[in-house]
Amino acid sequence: MEHLSISDHQHGPPPGMMQQPPQHPGGPGPQGIMPPGLGRPPQPQQLPAQMFTTAAQLLDLTDKKLMISLRDGRKLIGILRSWDQFANLVLQSTKERIFVPPVLSEKEPTGLFADIDRGTFIVRGENVLLLGEIDLDKDDDAPPGYSLAELKVVEDLARKRKREEKAREKKKTRMLGKEGFEGENLGEMPLL
């Protein structure tokens, strides 16, 4: 191994390194060759790689009112205040909106909804199914086909519909299991 000191470099370039000829600003070098970059148009600036990640797309939505649909079916409405590289979200003035879809057998089907104040809410990024900005001009209007109802009524109706749907799904899975079809969670569910 060589031991070099500052004084070794005063007499020339380090071993294995070639000395570059001096560049002449604005003109060709000593052999009539244009220095690199002077004869070509400037290259377009490259955007940093982090601008193309999913989390970076949230930059435009910061401090705006959003509706977020979670994997467990809940709907949240709040103002996006902060986020990180994993798309974990911090929502302020958050409301959880509960929807009960209309019954299709009625003559004029109208669904119901109610809001629950949740305050500041932290959402893990992997639980976000869908999110979108809310039009502030239409924010106070009820969603089309739905009307505002008391929270207790909406919660009770939502629980009842969920139980009915679960019973229908279990019955369907049991029938398909008898025919030889195996669903995604069939191995975990007793078929009695």
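Provided above is the structure to which this section pertains.
In this convention, every chain numbers its residues from 1, walking through the sequence in written order. Residue-level local features of this predicted model are given only where pLDDT is at least 70; pairs of side-chain atoms are given and counted only at 80 or more, and the full residue set underlies all totals for whole chains, interfaces and linings. Computation of side-chain values: all heavy atoms of the structure, hydrogens and water removed.

**Some points on the environment of T120**
Under the scheme used here, helices are H or I runs from DSSP no shorter than 4 residues and strands are E runs no shorter than 2 residues, and both carry numbers assigned from the N terminus. Structurally, the position occupied by T120 is in strand β4 (residues 111-123). When the C-alpha atoms of T120 and I79 are compared, they prove to be 9.3 Å apart, with 41 residues separating the residues in sequence. Those residues in contact with T120, other than ones at most four positions away along the chain, are V90, L91 and Q92. It only takes one pair of heavy atoms within 4.5 Å for two residues to be counted as in contact.

**Description of the pattern of salt bridges**
One speaks of a salt bridge when a side-chain nitrogen belonging to Lys or Arg is within 4 Å of a carboxyl oxygen belonging to Asp or Glu. The tally for this structure, following the rule as stated, stands at 10 salt bridges. In this structure, R81 and D63 form a salt bridge, with 2.8 Å as the shortest nitrogen-oxygen distance. Taken together, the positions of R81 in strand β2 (residues 75-83) and D63 in the segment before β1 (65-70) put the pair 18 residues apart, joining distant regions of the chain. Several salt bridges converge on common partners, so that one network encompasses K152, D156 and R159.

**Observations concerning the pairing of β2**
Within a regular beta strand, the side chains point alternately toward one face of the sheet and then the other, so they alternate between its two faces. Paired strands are those between which DSSP finds at least two bridges. Of the strand pairs in this sheet, β1 and β2 are connected by 5 bridges, and their pairing is antiparallel. Within the sheet, the bridge partner assigned to K65 lies in β2 and is I79. Counting the residues in the hairpin turn of β1 and β2 gives 4 residues, including G73, whose phi is positive at 100°. Two elements, β2 and strand β3 (residues 89-100), share 7 bridges in a ladder whose sense is antiparallel. In the sheet register, S82 faces β3, and the bridge partner there is V90. Turn length for the β2-β3 hairpin, with the two strands adjacent in sequence and antiparallel, is 5 residues, and the turn residue A87 shows positive phi of about 65°.

These figures come from the coordinates and say nothing about function on their own.
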